[in-house]
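Residue-level structure breakdown
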Amino acid sequence: MPTEIYMMKLGMTMTEGTVAEWHIPDGGEVKLGEDLYRLETEKVEMEVEAEAAGIVRHLVPAEATVDPGAVVGWIYAAGEEIPDVLPGAGDAPAAAPAEAEPAATAAAAPAAPARAEGERVPASPAARRLAKELGVDLSTVTATGPRGRVTEDDVRTAHEAAAAAPAAAPAGAPAPASPLARKRAEALGVDLSTVTGTGPGGRITKEDVEAAAAGGAPAAAPAAAAAPAAAREDEVMAVRGMRKVIAERMYASLQETAQLTMDMDVAMDDCVKLRSQLIEEWAGDSVRPSYTDIVMKAAAKALLDHPRMNAQFLGTEMNLRGEVHVGMAVALDEGLVVPVVRHVDQLGLKEIALESSRLAGLAREGKLGLDDMAGGTFTVSTLGMFGVDSFTPILNPPEVGILGVNRLRDDVRWEGERPVRQKAMTLSLTWDHRALDGAPAAQFLASVRDYLEAPFRLLV
């Protein structure tokens, strides 16, 4: 019996999913545990692995959206007869028929698709994080993952090769060049083996080819007095997946709510001392509470004092939530996700730090489920690590409030005629004016400030 390939259900709130990309072509061979397709929902993306080995047949094409649990394809074991009409084909969009392939190449991994220069390199979240840590340019990495996807091992291999820094390429080896450079070389009749590359890792760029065609030798490194580089070509990126959902929701949020933002300064001296003491106290448990963790706890206490901020605006009625679940915005290369820390009002700072760290780790690894991001009653967003003093957070409807956390900065307060140095932070609150007016919003923000300026109250 063939093995069904399902649209995985990632959580109780998932209503549909999209087969964003098939990593194994229709009629191609897959190994057990190999990535089959990339699943996209409104909030998350993840890779779906094969639960069996064999020949893959697509029941739906790439970019098809189906219900959770729907069959999107089949895996036929070696020697198993594959029917001309797949089971369930009449209930789903037809996939393109498989092309005949020589038996000798049937088991070969699909070739990586050619990329235009500047095009985003497909890579796993873990590979992107490792590349950033090691300073590796993903465009120079040879991908061995399904459909040209860069893996962590690929990044390590590229890093080790760069560290070895061989003086010259092996005899007969093709010159490393971008696809755009190769195309340009063919058009201009330039032999790439005669061109010196100035790109990352000696990679030949389009500019190197044009310089060679003009009879000039490109410099090994850019010089201050060098001639102006050739005009950069436009790059067109499709707005799809997570970026498309974010764009639609942010626009809808601004169109459908009455958003206003106010700022308020907070004296953070006592908060800084508390955090330092907690880091020292919990060092043995490897727990380091962040300022965002502390702000989340302060916001949770303030939400209990001001329940209209812990609400959902539903047009003709408001739902004042009895529980406090705080969403924490996490920035990824692909976009912003907001996992939810539940019952923040009932958690201690240590528990909040552990849970926020766990959720942030899952987000960066691409392993968040929809249930991890459902049910928030209020959101906290942080840009302080980028040196931001003030910004305008955008509401996540039907929530009526979102709190922006800015950088910790040196400031001055006055004691009589004497200036005193202090640590300070600006909080930026966006709220829905349909749900509450400026005065109650300001009172809520002042409550958050008061908890942070007397942080011992967060421990009781």
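Just above sits the structure.
Just so you know, these numbers come straight off a predicted model, no measurement behind them.

All right, on to the overall build of the protein then. Counting its regular elements, the protein contains nine helices and 18 strands. Across the protein, every contact between residues at least 6 apart in sequence was considered, and the portion connecting residues at least 24 apart equals 61%. Counting only carbon and sulfur atoms, one obtains 53% of the accessible surface of the protein, whose full area is about 24,600 Å².

What follows deals with the sheet that holds strand 2 (residues 17-22). As summarised here, the arrangement of the four strands in space is 5-4-2-7, forming an open sheet in which the pairing is antiparallel. Two strands in the sheet have a free side with no partner beyond their single neighbour: strand 5 (45-49) and strand 7 (64-66). Across this sheet, the average inter-strand angle for adjacent strands is 35°, counted without regard to direction. Relative to strand 4 (residues 35-40), strand 2 runs antiparallel, the two sharing four bridges. Bridged to Trp22 within strand 4 is Tyr37.

What follows is about helix 9 (residues 438-453). Given a rise of 1.5 Å per residue, 16 residues ought to cover 22 Å, and the 22 Å separating the end C-alpha atoms of helix 9 matches this to within 8%. Among the residues of helix 9, those classed as buried are Ala441, Phe444, Leu445, Ala446, Ser447, Val448, Tyr451 and Leu452. Packed against the buried residues of helix 9 are strand 9 (259-267), helix 6 (269-281), helix 7 (291-305), strand 16 (378-382), strand 17 (401-415) and strand 18 (418-432).

A word on the environment of Ala70. Here Ala70 is to be found in the loop between strand 7 and strand 8 (71-76). Expressed as a C-alpha distance, the spacing of Ala70 and Glu16, which sit 54 residues apart in the sequence, is 9.5 Å. Ignoring anything within four residues of it in the chain, the contact list for Ala70 reads Ile5, Tyr6 and Met7.

A few words on the side chain of Ser447. Tracing the chain through its elements places Ser447 in helix 9. On the accessibility criterion, Ser447 (15% relative accessible area) is buried. Each residue touching Ser447, except ones within four places of it in the same chain, is listed here: Ala302 and His306.

A separate point is helix 8 (residues 349-364). Over its 16 residues, helix 8 extends 22 Å from the first C-alpha to the last, a length consistent with the 22 Å expected when each residue adds 1.5 Å. Gly366 lies just past helix 8 and shows a positive phi near 70°.

It is worth spelling out the side chain of Ser428 at this point. Along the chain, Ser428 falls in strand 18. Judged by its relative accessible area of 0%, Ser428 is buried. Polar contacts involving the side chain of Ser428 include one to the side chain of Asp263, which spans 2.8 Å. Look past the residues within four positions of Ser428 in its chain and what remains in contact with it is Thr261, Met262, Asp263, Ser390, Phe391, Pro393, Ile402, Leu403, Gly404 and Asn406.

If you look at the biggest cluster of nonpolar residues, it comprises 80 residues, and the most contacted ones within it are Tyr37, Met309, Leu403 and Leu452. If one sorts the elements of this core by residue count, helix 7 sits on top with nine residues. Residues in contact with Leu452, not counting those within four places in the same chain, are Val266, Ala267, Met268, Cys271, Ile294, Val295, Ala298 and Leu427. Counting nine residues, the second-largest nonpolar core is a separate cluster that includes Leu130, Val136, Val141 and Val155.

So, about the pattern of salt bridges. Opposite charge on two side chains permits pairing when their charged atoms draw close. Summed over the entire model, instances satisfying the criterion amount to 17 salt bridges. As a salt-bridge pair, Glu415 and Arg413 come within 2.9 Å of each other at their nearest N and O atoms. Look at Glu415 and you get partly exposed, because its relative accessible area is 34%. Look at the salt bridges and you will find they share partners, linking Asp269, Arg413, Glu415 and Arg418 into a network.

This part takes up the sheet that holds strand 8. The strand order across the open sheet formed by four strands is 1-8-6-3, and the pairing between neighbours is antiparallel. The open sheet terminates on both sides in strands that have one partner only, identified here as strand 1 (3-6) and strand 3 (29-30). Pairing analysis gives four bridges linking strand 6 (residues 54-58) to strand 8, with the strands arranged antiparallel. Bridge pairing in strand 8 links His58 to Gly73.

Quick notes on the rules
- Residues numbered from 1 in each chain as written.
- Predicted model: local features only at pLDDT ≥ 70, side-chain atom pairs only at ≥ 80, totals over all residues.
- Heavy atoms only, no water.
- Helix = DSSP H or I, 4+ residues; strand = E, 2+ residues; numbered from the N terminus.
- Contact = heavy atoms within 4.5 Å.
- Areas by Shrake-Rupley, 256 points an atom, 1.4 Å probe, with all protein chains shown as cover.
- Pairing = 2+ DSSP bridges.
- Axes fitted to C-alpha atoms, helices over the stretch in contact; angles between N-to-C directions.
- Expected span 1.5 Å × (residues − 1).
- Buried < 20%, exposed > 50% of the residue type's maximum accessible area, 1.4 Å probe, protein only.
- Polar contact = N/O pair within 3.5 Å; in protein donor to acceptor, adjacent residues only side chain to side chain.
- Core = buried A, V, L, I, M, F, W, Y, C linked by side-chain atoms within 4.5 Å.
- Salt bridge = Lys/Arg side-chain N within 4 Å of Asp/Glu carboxyl O.

These figures come from the coordinates and say nothing about function on their own.
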